[in-house]
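# A look at the structure
Here are the chains, one letter per residue:
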Amino acid sequence: AQKITQTQPGMFVQEKEAVTLDCTYDTSDPSYGLFWYKQPSSGEMIFLIYQGSYDQQNATEGRYSLNFQKARKSANLVISASQLGDSAMYFCAMSKTNAGGTSYGKLTFGQGTILTVHP
Amino acid sequence: DTGVSQDPRHKITKRGQNVTFRCDPISEHNRLYWYRQTLGQGPEFLTYFQNEAQLEKSRLLSDRFSAERPKGSFSTLEIQRTEQGDSAMYLCASSAGTGTTNEKLFFGSGTQLSVL
């Protein structure tokens, strides 16, 4: 079974500073994907970044980067130059391949971290 | 707006009543998912469709829950004889069905259900 753990219920950061949101995972599947989603108060889940288990380099998407440490089973999200609009709930999630070796959108989510950006 | 849309945004019902939610996915997406999210938790997978076929249902989906996706377009999620424990945000998502672990889900804004 898969498990995602986000140990930080809430985080605070000053505007323009960088912040790291922690995520550890547990799986026995050799092939998996790791995602980060942002959920503002409107409720919609917004895709931020993806990292594949076989990717050699850490993923980056604009101000978002994923610090992937496979041996430690961690996939931390780094947000650089925080903005007030970054205040939201952030979820780490994992996908896996099924018995046939393909995958679909059955994601396992962590409990989330609420990020508050102060001016 | 070509994103995933869900209707209604909010639903208040009395215990024992039936409710139905609708989801319109991104038009070219062949896969559609339903997730449930309770307060303070991450979303939990309920079921998914590839085109019109329902390919997996979570054990979370009791017999009171039924989902359909006629003609592989919009989907409906019906809850019969609602219970207070059904109160949650019901999220719909769609994807282009790459069959790989990088399959990106696009979510709607959800339907918030409150059962009194």
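In this report, the structure presented in the accompanying data block is examined. (Residues numbered from 1 in each chain as written. Chains lettered and ligands numbered in written order. Predicted model: local features only at pLDDT ≥ 70, side-chain atom pairs only at ≥ 80, totals over all residues. Heavy atoms only, no water.)

Taken together, the contacts link 23 residues of chain B with 25 residues of chain A. Buried surface at the junction of chain B and chain A, both sides included, amounts to about 1900 Å², of which 54% is carbon and sulfur. When residues of chain B are sorted by the area they lose upon contact with chain A, Pro43, Thr101 and Phe107 of chain B head the list and together hold 29% of the total. The interface formed by chain B and chain A includes one salt bridge. Between glutamate 56 of chain B and lysine 106 of chain A there is a salt bridge, with the nearest N and O atoms lying 2.5 Å from each other. At the boundary of chain B and chain A, one finds eight residue pairs in polar contact (both at pLDDT 80 or more). (Contact = heavy atoms within 4.5 Å. Buried area = accessible area lost by both parts, 1.4 Å probe. Salt bridge = Lys/Arg side-chain N within 4 Å of Asp/Glu carboxyl O. Polar contact = N/O pair within 3.5 Å; in protein donor to acceptor, adjacent residues only side chain to side chain.)

With that out of the way, let us pick up the nonpolar core. One finds Leu34, Trp36, Ile49, Leu77 and Tyr90 of chain A to be the most contacted residues of the largest nonpolar core, which totals 24 residues. Put simply, the parts of the chain that give this core at least two residues each are β3 (19-21), β5 (32-39), β6 (46-52), β8 (64-69), β9 (74-79), β10 (88-96) and β12 (113-118) of chain A. Among the elements that line this core, the one with the most residues is β10 of chain A, at four residues. If sequence neighbours within four positions are ignored, leucine 77 of chain A has contacts with Val19, Thr20, Leu21, Trp36, Leu48, Ile49, Tyr64, Ser65 and Tyr90 of chain A. Formed by 20 residues, the second largest nonpolar core is a distinct cluster that contains Phe91 of chain A together with Tyr48, Leu91 and Phe107 of chain B. (Core = buried A, V, L, I, M, F, W, Y, C linked by side-chain atoms within 4.5 Å. Buried < 20%, exposed > 50% of the residue type's maximum accessible area, 1.4 Å probe, protein only. Helix = DSSP H or I, 4+ residues; strand = E, 2+ residues; numbered from the N terminus.)

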